[in-house]
Amino acid sequence: MENRFDIIIIGGGLLGCATAYQLAKRKAGRILLLDGNEIASQASARAACLLTRARTKPGLMEIVQETYDCIAEMEDLLGESLELQQCGSVTIASSEVSLKGLEALEEAATRFGIPNERISREQTRKLLPWIDAEAVDVALYMPTDAFIDSALLCSGYARAASKLGVELRPNCKVKEILVENGRQVSGVRLFNGEVLSASLVVNAAGAWANLLMRPLNVGLPFTPVRSHFWITAIDSERFPAGHPFTVIPDARAFTRSDVGALIIGLRESCCQAFDPSALTERLEDFDFNQAAKWTVLDECAPLLKRYLHDIDDLPIAHYMAGPSCYVPDAMFVIGPVKRYEGLFTVTGCCGGGVAAGGGMGRLAAEMITGERPFVSPELFAPERFGEVNPFSPEFQRRCADARSNKKGG
Amino acid sequence: MKRYIVFLKQVPRSTRVEIDPVTKTLKRSSALTQTNPDDLHALQAALDLRQNTGAEVVAVSMGPASAEAVLREALQYGADRAVLLSSPAFAGSDTWCTSLVLASAVRRIGDYDILFFGRMAIDGDTAQVGPEVAGQLDIPQVTCLSSIHEVKGNWLVADKKAGSLLQRVEIETPCAVMVSRENGELACPTLSGWRRAQRQEVIRWDEGDLQLDGKVVGLYASPTKVVSTDVPQTAKEIRWLSSGSSVAEIIDKCVDSLS
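Residues numbered from 1 in each chain as written. Chains lettered and ligands numbered in written order. Predicted model: local features only at pLDDT ≥ 70, side-chain atom pairs only at ≥ 80, totals over all residues. Heavy atoms only, no water.

Some remarks on the state of the cysteines
Reasoning step 1: Overall, the coordinates contain zero disulfides over all chains when judged by the stated rule.
Reasoning step 2: Not engaged in a disulfide, the cysteine C270 of chain A finds its nearest cysteine sulfur in C271 of chain A; these two sulfurs lie 7.4 Å apart. (Disulfide = S-S within 2.5 Å.)

What follows is the structure in structure tokens.
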């Protein structure tokens, strides 16, 4: 009985841990969560950590709201703060195209009851001491937006799940998902040979998820795409802690404060996809292309320069790259894999795992337990693209383009 | 004008590197790389001193073609010139053969005042190359240099670590110094520095340029013979306490397991 579970979740990142928490809340049975490394140690620890509430795509505002609700719930359950930083956000438009995007965001926020207001250049300058406000045509301020340390959030989900009875096993790497009679999932085999049984397996292995699906001839419609950000040297006067994060579509950029420094996220015009089979077991050993630290900054700096005039001479203290799992339509992948009984997936964060994790976990848990889903699951169905080959360069290019063409934060 | 020569080594970024089963040396091509941290302290010492004395700072590295990256980084931080010592004949050199190559490069560069090395490289942990180059060139040296106090004519006044003590030493130039991390960090790099570095030339020299017989350097000429390389076995046990329900509970468990 010791190795027999009702549900096995593969992946101790944001999506796996949030799903574990949401399933445990619903008393979904004996649940085991496995990760090949430490919990919250891989892609989820490399996120920019923004919790942007207003979204124009259907279902996403509900999903992000659920994450905010989860944070409050878990703080109660754990009796400790998860250190949500309610700094607010400022979305900036300096062109006709970005103004249209801003107006759509404004309409969505108002409809959903998210506080928002257009602010003057003077107010923008006051909130963002580093910005060259003359470049700002319209600025939309949303005071309730926040950011959170993604590793702390992820371990919060894990510890809350554990408190509700989920068994966590870090440093247990899954070798394969087991199938009986060619159709029914029966559990997993670990690299140490141990077999763990369950009639339902949730693949939330993030960038590695397709490696586990490959022997089953299933291709999930996403591939890892490099996301990255730069952190300046500390200059507390110019980049005061807790000032609002920004989304600047005209510069393909976002910024947020980081204890007196500025985090700058940039999207190159042609983002870099990675073949999942090239991934190493630990991201510390993976080459995201070290040269990109400067080549991408060199490409993107001219666009940001009108808002941050001295970007060329700004001391850069750190660079962080990680894999975000992008889907061609930039929507998540949540649902059963229909070719097999008992196989489910939660993946394809599209760079939104921090903001959307709690809601994605909730939708997954509701679908698994047979509850009525709080958002339409069809939007996120794994098979919505038909059969895909995530190991083909053409498909990987489509996924990378989803990031290249992204407009929001 | 004074001339300071700084030596920088490309080392694996991860501690999990592969060992070549035949040569027993590190398989450098298999690992992510970085500039040896102590060498950046050496670069910082040279750049700081240049501010006070004026000097040309020449960055030198020995390694495969990929080692050009550490020289580009040195140029980005402000080095004036960069020289890459690269040849199949140099591959597998131990510290003695490496010091032969580096000393030959110093002779080729010409007049110099101070050679700056990092205290040691994180991949080999020998701390031998700098002192050996000083020996090859027959110049005085200071190991474990923690800060440079001043330059008085042909004399360098510096502090060096000696166990828990600091010694103030005076040393006549030309000399070699092995800089430890106490000397301080480089200022953060900038994009404009990177752009400038991309435009600068990295000079490449092989054994011919250094007038070295290729048979006196490299793996087979090296007096050090690595017989085997093993990961030390440990009887230590790792116990995971991360599945507790709160930080306080995990701490309690940790205290219990230690007492």
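A closer look at the packing of helix α1 (residues 14-25) of chain A against helix α2 (residues 60-78) of chain A
Residues and elements named next belong to chain A.
Reasoning step 1: One way to put it is that α1 packs onto α2 with a least axis distance of 12 Å and a crossing angle of 70°. Considering the angle they form, α1 stands roughly perpendicular to α2. Judged by the twist between their axes, the crossing of α1 over α2 is left-handed. Within the contact between the two elements, α1 uses Y21, Q22 and K25 and α2 uses E66, C70, E73, M74 and L77.
Reasoning step 2: Here the contact of α1 with α2 is built from residues that sort into four nonpolar, one polar and three charged. (Axes fitted to C-alpha atoms, helices over the stretch in contact; angles between N-to-C directions. Helix = DSSP H or I, 4+ residues; strand = E, 2+ residues; numbered from the N terminus. Parallel < 35°, antiparallel > 145°, perpendicular 65-115°, else oblique. Left-handed = near helix turned anticlockwise from the far one by under 90°. Contact = heavy atoms within 4.5 Å. Nonpolar A, V, L, I, M, F, W, Y, C, P; charged D, E, K, R; others polar.)

Things to note about the sheet that holds strand β5 (residues 117-119) of chain A
Residue and element names in this part refer to chain A.
Reasoning step 1: The strand order β5-β6-β4-β13-β14-β15-β12-β16 describes an open sheet built from eight strands, whose pairing is mixed. Looking at which strands have only one partner, the edges of the open sheet turn out to be β5 and β16 (316-326). For this sheet, the mean inter-axis angle between neighbouring strands, taken without regard to orientation, is 25°.
Reasoning step 2: Relative to strand β14 (residues 253-258), strand β13 (residues 245-248) runs antiparallel, the two sharing three bridges. The residue bridging I248 from the neighbouring strand is A253, located in β14. (Pairing = 2+ DSSP bridges.)

Concerning the pairing of β14 of chain A
Residue and element names in this part refer to chain A.
Reasoning step 1: In terms of burial, β14 is largely enclosed, as five of its six residues are buried.
Reasoning step 2: Count of turn residues in the β13/β14 antiparallel hairpin: four residues, of which R252 carries a positive phi of about 50°.
Reasoning step 3: Bridging between β14 and strand β15 (residues 261-266) involves six bridges; their strand directions are antiparallel. If you follow F254 over to β15, its bridge partner there is G265.
Reasoning step 4: Linkage of β14 to β15, two consecutive antiparallel strands, is achieved through a turn of two residues, within which V259 is found at a positive phi near 35°. (Buried < 20%, exposed > 50% of the residue type's maximum accessible area, 1.4 Å probe, protein only.)

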